[in-house]
Amino acid sequence: MDYLDIIFGYYDKILADMSPSSQAIISLVLLIVLIFQIYHVIKSGHWIFILALIVLLPGTWPAAKHIGNIIITVIKFLLSRIQATI
């Protein structure tokens, strides 16, 4: 997860010069976009193919867990960023 720390560091550097309200709004917008994209995948039915891939190829389970952990970490980061600036 070192690359996530690097990405979060860049994100913090970019937002450092902005006002706290702008930082919160940008984080909230990114969080909404991320959640909307996850909802869109579920709504479009592509989750069936993802689930079938995970079930039929057991080697994809660790990758799916890793991707899930990354998504959860990004959501937690954005939520903590919103709380810190409000």
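Residues numbered from 1 in each chain as written. Predicted model: local features only at pLDDT ≥ 70, side-chain atom pairs only at ≥ 80, totals over all residues. Heavy atoms only, no water.

## Regarding the packing of aromatic side chains
And then number 1: Under the definition given, this model contains 2 aromatic pairs.
And then number 2: Ring centres 3.9 Å apart and planes at 10° place the aromatic pair Phe8 and Phe77 in the stacked group. Within this pair, whereas Phe8 is found in helix H1 (residues 2–15), its partner Phe77 is found in helix H4 (residues 60–85), the two being separated by 69 residues in sequence. Phe77 matches Phe8 in its accessibility class, with the two residues each being buried.
And then number 3: Ring centres of Tyr11 and Phe77 lie 5.5 Å apart, and the angle between their planes is 70°; on these two criteria the pair is classed as edge-to-face. Placement of Tyr11 in helix H1 and of Phe77 in helix H4 is noted, with a sequence separation of 66 residues between them. This pair shows no difference in class: Tyr11 is buried, exactly as Phe77 is.
And then number 4: Among the aromatic residues, those joined into a cluster by ring pairs are Phe8, Tyr11 and Phe77. (Phe/Tyr/Trp six-rings, centres within 6.5 Å; stacked < 30°, edge-to-face > 60°. Helix = DSSP H or I, 4+ residues; strand = E, 2+ residues; numbered from the N terminus. Buried < 20%, exposed > 50% of the residue type's maximum accessible area, 1.4 Å probe, protein only.)

## Section: the packing of H1 against H4
And then number 1: Their axes nearest at 12 Å, the elements H1 and H4 cross at an angle of 25°. Comparing the axis directions of H1 and H4 gives the class roughly parallel. As for how H1 packs across H4, the hand of that crossing is right-handed. Judged by residue contacts, Tyr3, Leu4, Phe8, Tyr11, Asp12 and Leu15 of H1 engage His66, Ile70, Thr73, Val74, Phe77, Leu78 and Arg81 from H4.
And then number 2: Its residues placed into classes, the contact of H1 with H4 shows 9 nonpolar, 2 polar and 2 charged. (Axes fitted to C-alpha atoms, helices over the stretch in contact; angles between N-to-C directions. Parallel < 35°, antiparallel > 145°, perpendicular 65-115°, else oblique. Left-handed = near helix turned anticlockwise from the far one by under 90°. Contact = heavy atoms within 4.5 Å. Nonpolar A, V, L, I, M, F, W, Y, C, P; charged D, E, K, R; others polar.)

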